[in-house]
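As a plain string of letters, each chain reads:
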Amino acid sequence: MSSRITRAFAIAAAALVAATALSACGDDDKSTADAGGEATTLRLGYFPNITHAPALVGVKDGQNGLIGKALGSTKLEPKTFSAGPAAIEALFSGAIDATYIGPNPAINGWAKSKGTALKIIAGSTSGGAALVVKQGINSAADLKGKKIATPQLGNTQDVALRHWLKSQGLNADQQGGGDVSILPQDNATAVQAFAQGSIDGAWVPEPNVAKLVTESKGKVLVDEKTLWPGGQFVTTHLIVSQKFLEKYPATVKKLLQGHIAAVNYLNTDKAAAEKATNDQLAALTGKPLKDPVLQAAFANLTFTVDPIAPSLYGSAKHAEEVGLLEPVDLKGIYDLGPLNALLSASGKPAVNDSAA
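Note that the coordinates shown come from a computational prediction; the quantities given were computed from them, not determined experimentally.

1. A word on the overall build of the chain
Looking only at helices and strands, the chain features 14 helices and 11 strands. With 356 residues in all, the chain has 53% of them scored as buried. Long-range pairs, those at least 24 residues apart, make up 77% of the contacts in the chain with a sequence separation of at least 6. Surface summary for the chain: the accessible area is close to 14700 Å², and the carbon and sulfur share equals 51%.

Here you go:
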């Protein structure tokens, strides 16, 4: 490991220790047992995707990594997923206790469980999603009769595309028909299909945006950040099972300490963070990202513990408007108390769950 990466990890570790100490000073729990105890194991879900970079660098090195060290005696068991619905089902079944995930699967999980299965406890990543198309497509009107991929029916990018098309006066049904044919498929398939010319574009998250642009000469027709106030929208956040949160609040607190440390690390030394993220991606997938793709993707992402709540409520409204979600009351979906206690202890401003 280079001295630069070692130094960056040291800074992150120091921040973790400081957060732990400060939170301990302000913790008036009578005892660990009274606080609900600590879990023997924490099963943490995440995706081998750069939009999950806080998870990638957090679980790196296992129990000796940023999240593992924060958990102390609780064993960290990371589990990877390729799509949000699968992670939600794992949370429902008790196969995992917490997971990094996109907003729409979390909304769907909340709706399906009638508000009993999960809580959003922190933000993770903002930005990094776009509609990339072939050269020669210059407007929404040019998309008529074209084939556009999304990662999965009802996922965050699928909802974003369908809502944007509707705002442009174009329709697309769930069977691939309409003015624009939407073809849900995994990101790797979409990247290959675009390169081969069998699709005309894709609304995808990073690093796939960068891949389509740098490797297949695609062009960004819509950068999703232009559709949100201040260019900020939630791409990934951290959720936890309500049962786990109620039973093991002390463990959730330590998970958040590790998560904060991971986000701080990503924002402390860009070069080291990029390498650490790519190393973990390579370990999981067997193939690291090429430097131009890695750098372009990182430039399009913001790592933050702020869940950017207004965009979650906006995404739910968008899903309702395109017929992918029944009206749902999201009141109570957030529990930011533990996160804000840690932020306050370290002198940082609180985040909120307001829709405005």
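From this point, the discussion proceeds with the structure in view.
2. Some remarks on the nonpolar core
Within the largest apolar cluster, 72 residues are counted, with the highest numbers of intra-cluster contacts made by Leu44, Leu255 and Leu339. When residues no more than four places from it in sequence are discounted, the contact partners of Leu44 are Val59, Ile67, Leu76, Glu77, Pro78, Lys79, Ala98, Thr99, Tyr100, Leu238 and Leu255. Formed by 18 residues, the second largest nonpolar core is a distinct cluster that contains Trp164, Leu170, Ile182 and Val222.

3. Regarding the pairing of strand S3 (residues 98-101)
Burial of the side chains of S3 extends over both faces: Ala98 and Tyr100 are buried on one face and Thr99 and Ile101 on the other. In this structure, strand S1 (residues 41-46) lies alongside S3, joined through two bridges in parallel fashion. Paired with Gly45 across the two strands is Thr99, which belongs to S3. Pairing of S3 with strand S10 (residues 234-241), which is carried by four bridges, proceeds in the antiparallel orientation. Along S10, the bridge assignment pairs Ile101 with His237.

4. Re the pattern of salt bridges
Inspection of the entire model under this criterion finds eight salt bridges. The partner of Glu77 in a salt bridge is Lys75, with the nearest N and O atoms 3.8 Å apart. The class for Glu77 is partly exposed, based on a relative accessible area of 25%. Residue Lys75 is classed as partly exposed on the basis of its relative accessible area of 47%.

5. Observations concerning the sheet that holds strand S5 (residues 129-133)
Read across the open sheet, the five strands follow the order S7-S6-S8-S5-S9; overall the sheet is mixed. Unpaired on one side and paired on the other, strand S7 (181-184) and strand S9 (219-223) mark the two borders of the sheet. For this sheet the average axis-to-axis angle between neighbouring strands, irrespective of direction, equals 25°. Pairing of strand S6 (residues 147-150) with strand S8 (residues 201-205) involves two bridges; the strand directions are parallel. Following the sheet pairing, Ile148 is matched in S8 by Gly201. Lying on the sheet, helix H8 (residues 208-216) is in contact with S5, S8 and S9; it crosses S8 at an angle near 140°.

Conventions we followed
- Residues numbered from 1 in each chain as written.
- Predicted model: local features only at pLDDT ≥ 70, side-chain atom pairs only at ≥ 80, totals over all residues.
- Heavy atoms only, no water.
- Helix = DSSP H or I, 4+ residues; strand = E, 2+ residues; numbered from the N terminus.
- Buried < 20%, exposed > 50% of the residue type's maximum accessible area, 1.4 Å probe, protein only.
- Contact = heavy atoms within 4.5 Å.
- Areas by Shrake-Rupley, 256 points an atom, 1.4 Å probe, with all protein chains shown as cover.
- Core = buried A, V, L, I, M, F, W, Y, C linked by side-chain atoms within 4.5 Å.
- Pairing = 2+ DSSP bridges.
- Salt bridge = Lys/Arg side-chain N within 4 Å of Asp/Glu carboxyl O.
- Axes fitted to C-alpha atoms, helices over the stretch in contact; angles between N-to-C directions.

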